[in-house]
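# Chains, contacts and geometry: an overview
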Number of protein chains: 2
Amino acid sequence: MTLNEFDIIQTFFNKPITKSNANIILGIGDDAAIVAVPEHHELVITTDTLVANVHFPSHTSAYDIAYKALAVNLSDLAAMGATPAWVTLALTLPEANEQWLTDFSNGFFTLANHFHTALIGGDITRGPLSITIQAHGIIPKGLALRRDNAQVGDLIFVTHTLGDAGLALQHQTLPQNILDKFYRPEPQIVIGEKLRGIANAAIDISDGLAADLGHILEKSHVGAEIIVDKIPLSHSLLEFVSIEQGIQLALTAGDDYELCFTVPENKLSQLNNNHVTCIGKITKNSGLDLHYQNGKKYDLKIHGYQHF
Amino acid sequence: MTLNEFDIIQTFFNKPITKSNANIILGIGDDAAIVAVPEHHELVITTDTLVANVHFPSHTSAYDIAYKALAVNLSDLAAMGATPAWVTLALTLPEANEQWLTDFSNGFFTLANHFHTALIGGDITRGPLSITIQAHGIIPKGLALRRDNAQVGDLIFVTHTLGDAGLALQHQTLPQNILDKFYRPEPQIVIGEKLRGIANAAIDISDGLAADLGHILEKSHVGAEIIVDKIPLSHSLLEFVSIEQGIQLALTAGDDYELCFTVPENKLSQLNNNHVTCIGKITKNSGLDLHYQNGKKYDLKIHGYQHF
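All of these numbers come straight from a predicted model, not from anything done at the bench. (Residues numbered from 1 in each chain as written. Chains lettered and ligands numbered in written order. Predicted model: local features only at pLDDT ≥ 70, side-chain atom pairs only at ≥ 80, totals over all residues. Heavy atoms only, no water.)

## Digging into helix α5 (residues 176-183) of chain A
Taken as a whole, α5 of chain A has its buried residues at Ile178, Leu179, Phe182 and Tyr183 of chain A. Relative to the axis of α5 of chain A, the buried residues are bounded by an arc of 130° and lie together on one face. (Buried < 20%, exposed > 50% of the residue type's maximum accessible area, 1.4 Å probe, protein only. Helix = DSSP H or I, 4+ residues; strand = E, 2+ residues; numbered from the N terminus. Arc of directions from axis to C-beta.)

Pasting the structure below:
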């Protein structure tokens, strides 16, 4: 069976939309899609590309490639506190293999449907394997969480645990729950939505906590004090690495797609969440001050992933 | 000088927005951009990828690659009758070459500024050269031009001339005005906007008139009669090919990025435009009936470009 672009779209991507978080007037099949943003809402837009052998190893399954490509985009929406609404998919493929496309489509729609996110358009082209997704979220006017509003005295939190994804990238023979942290990261949409009106600043952790928190500090013109042995590490991770190695993975390895956010003291009582851990605070002194609970300075050795 | 992702964005892409057709609350530099759609408007969204050696020859300049990548996306907005507002750019590059990035940025912003279109975000990744742009346009509620509303009796029009781009792809030694039709196509935004409330259906011609008109026919459940020797061909084109070759290029070669649209008879008087030509009409009989003015049937030999 020879598949052309239209066959691929019809067979693998033009799925009935079971439920969407926002209004779709015209979906796949025209020159462009037509959508409507609800009244009193703003639109949040992000795009991320995954390239074979750069962002994922060549042995990665089509299901996981699709899942992760969508997850990293939804994670950016989570970091803004937005609710996912629609996505587009630009898929560049060396060949049209039916099994691969079936698996890719399954991974994509499993995650999309979970967050009631509709695929409204895209482009299928021939070339080296690469996936660019653009995600659109909605948020009530003025409530988006930005990087540039951390205030001196804010407490700094991260969601869940960090570092597992970094280990999963280094070793293929690990328990599935650790591997999943790299191959199927969970966008923290629900926590992001709950942080509206509570967090002063937020970012998702894609390049390692040190690099990503660094973006908040730079944009907000503040510094931070982080107590490295308060960074949450999973029990699974600590079965394979020392606490020191775990801290280093958390600070520098990236790919966790957890959130890092800052909350002023007077809103701490509203932050009623078992899945977040306080790891430090925003300071007036610029730069990132890393130390242990006993006061000993932590020496940061590696920077986040550099794309060039 | 070693450029990292942040340097590249700051130096070549984070340009002050001189004028935009719609409200930008937060542009480049956070996890996502924040924008607002004007009241009583809908949002039109499209995405297209250009891959090196597939969508453009390897000798194409960085300026032209950027120009065309943006143009084909804006062309989709034109085909919907939308006004361009914002775009995102996902750029995958084998290496960060300063001269190449300067030229690419110049080509990109020359066209973006011409249409008051703001770059609000993107992603720079390392990998085989490929450009995915997503364009957002706005349009008053309910006025978008779709493929699925052509009515029996509508007259069929195309803008300007067809076929030049097809010739330009075949030969590198042609006058600049013909080469430009392939390398720097002009999105027909102004004509698209004027067709709101006049045209029943519209599409842009990317795969050749026969294939693209075919999409309107299929979606609208109608047929069409085209008089092939009424298809407008440029004088420049006819200096290099016969009328027969010109017709074939227009019908099958693609890359023209002109518009094809249908207008009911009672709105013809509102279509006051010197840059459009009537080439046939929508019929009840399904399929595409191609013939000459003298009644002789035209035998279509080649289909539009197949991506797989």
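## Notes on the packing of helix α2 (residues 62-80) of chain A against helix α3 (residues 98-114) of chain A
Residues and elements named next belong to chain A. In contact at an axis separation of 7 Å, α2 and α3 are set at 35° when each is read in the N-to-C sense. Pair α2 / α3 crosses with right-handed handedness. Here Ala62, Tyr63, Ile65, Ala66, Tyr67, Leu70, Ala71 and Leu74 of α2 lie close against α3, whose contacting residues are Trp100, Asp103, Phe104, Asn106, Gly107, Phe108, Thr110, Leu111 and Ala112. In terms of residue class, the contact of α2 with α3 is made up of 13 nonpolar, 3 polar and 1 charged. (Axes fitted to C-alpha atoms, helices over the stretch in contact; angles between N-to-C directions. Left-handed = near helix turned anticlockwise from the far one by under 90°. Contact = heavy atoms within 4.5 Å. Nonpolar A, V, L, I, M, F, W, Y, C, P; charged D, E, K, R; others polar.)

## Things to note about the interface of chain A and chain B
Taken together, the contact pairs 61 residues of chain A with 61 residues of chain B. In total, chain A and chain B occlude about 5,100 Å² of area from one another, counting both sides; carbon and sulfur atoms represent 57% of this. In this assembly, chain A and chain B are joined by 4 salt bridges. The closest approach of N and O atoms between Asp31 of chain A and Arg147 of chain B, which form a salt bridge, is 3.2 Å. In this structure, the connection of chain A to chain B is made through 20 residue pairs in polar contact (both at pLDDT 80 or more). Where strand β2 (residues 33-36) of chain A meets strand β3 (residues 41-51) of chain B, 3 bridges bridge the pair, whose relative direction is antiparallel. From the neighbouring strand, Val35 of chain A faces β3 of chain B, where its bridge partner is Leu43 of chain B. (Buried area = accessible area lost by both parts, 1.4 Å probe. Salt bridge = Lys/Arg side-chain N within 4 Å of Asp/Glu carboxyl O. Polar contact = N/O pair within 3.5 Å; in protein donor to acceptor, adjacent residues only side chain to side chain. Pairing = 2+ DSSP bridges.)

## Describing the pairing of strand β3 (residues 41-51) of chain A
All names here are of chain A. Of all 11 residues making up β3, 10 are buried, and the element is well covered by its neighbours. Here β3 runs beside strand β6 (residues 130-140); their pairing, made up of 11 bridges, is antiparallel. Looking across to β6, one finds that Asp48 is bridged to Ile133.

## What to know about the relation of the copies chain A and chain B
By a simple turn and slide, chain A fits onto chain B: the slide is 0.0 Å along the axis, the RMSD is 0.0 Å, and the turn is 180°. Such a turn and shift between the copies fits a two-fold axis. A symmetric contact is evident, with 100% of the interface residues of chain A recurring at the interface of chain B. (Least-squares fit on C-alpha atoms with pLDDT ≥ 70 in both.)

## A word on helix α9 (residues 243-252) of chain B
In an α-helix, one full turn covers 3.6 residues, which means residues spaced three or four apart are oriented alike. Residue and element names in this part refer to chain B. All of the buried residues along α9 are Gly246, Ile247, Leu249, Ala250, Leu251 and Thr252. Buried positions along α9 lie against α4 (164-170), α7 (209-220), α8 (235-238) and β12 (287-291). Note on α9: the residue one or two positions beyond its end, Gly254, has a positive phi of about 75°.

## With respect to the packing of helix α1 (residues 5-13) of chain B against helix α3 (residues 98-114) of chain B
Residue and element names in this part refer to chain B. Where α1 meets α3, the closest approach of the two axes is 10 Å, and the angle between their N-to-C directions is 50°. By the angle between their axes, α1 is oblique relative to α3. The crossing of α1 and α3 is right-handed. Of α3, the residues touching α1 (which contributes Ile8, Phe12 and Phe13) are Glu98, Leu101, Thr102, Phe104, Ser105 and Phe109. (Parallel < 35°, antiparallel > 145°, perpendicular 65-115°, else oblique.)

## Remarks on the sheet that holds β12 of chain B
All names here are of chain B. The 6 strands are arranged β8-β10-β7-β11-β9-β12 in an open sheet whose pairing can be described as mixed. Of all the strands in the sheet, just β8 (201-204) and β12 have a single pairing partner and so form its edges. For this sheet the average axis-to-axis angle between neighbouring strands, irrespective of direction, equals 25°. As defined by bridge partners, strand β9 (residues 223-227) adjoins strand β11 (residues 276-283) across 4 bridges and the pair is classed as antiparallel. In the sheet register, Gly223 faces β11, and the bridge partner there is Thr283.

## Regarding the confidence of the model for chain A
Interpreting fine coordinate detail is not advised for predicted regions of low pLDDT. Here chain A averages 93 in pLDDT, and 97% of its residues register 70 or above. In the predicted assembly, ipTM is 0.91 and pTM is 0.93. (pLDDT = per-residue confidence, 0-100.)

## Notes on the nonpolar core
The biggest cluster of nonpolar side chains holds 60 residues, and the ones touching the most others in it are Phe13, Leu89, Leu91, Phe104, Phe108, Ile131 and Phe261 of chain B. Examining the composition of this core, we find that 13 residues originate from one element, helix α2 (residues 62-80) of chain B, more than from any other. Beyond its immediate sequence surroundings of up to four residues, Leu91 of chain B is in contact with Phe13, Trp100, Leu101, Phe104, Asp123, Ile124, Thr125, Ser130 and Ile131 of chain B. Grouped together as the second largest cluster of nonpolar side chains are 59 residues, Leu70, Met80, Ala82 and Leu145 of chain A included. (Core = buried A, V, L, I, M, F, W, Y, C linked by side-chain atoms within 4.5 Å.)

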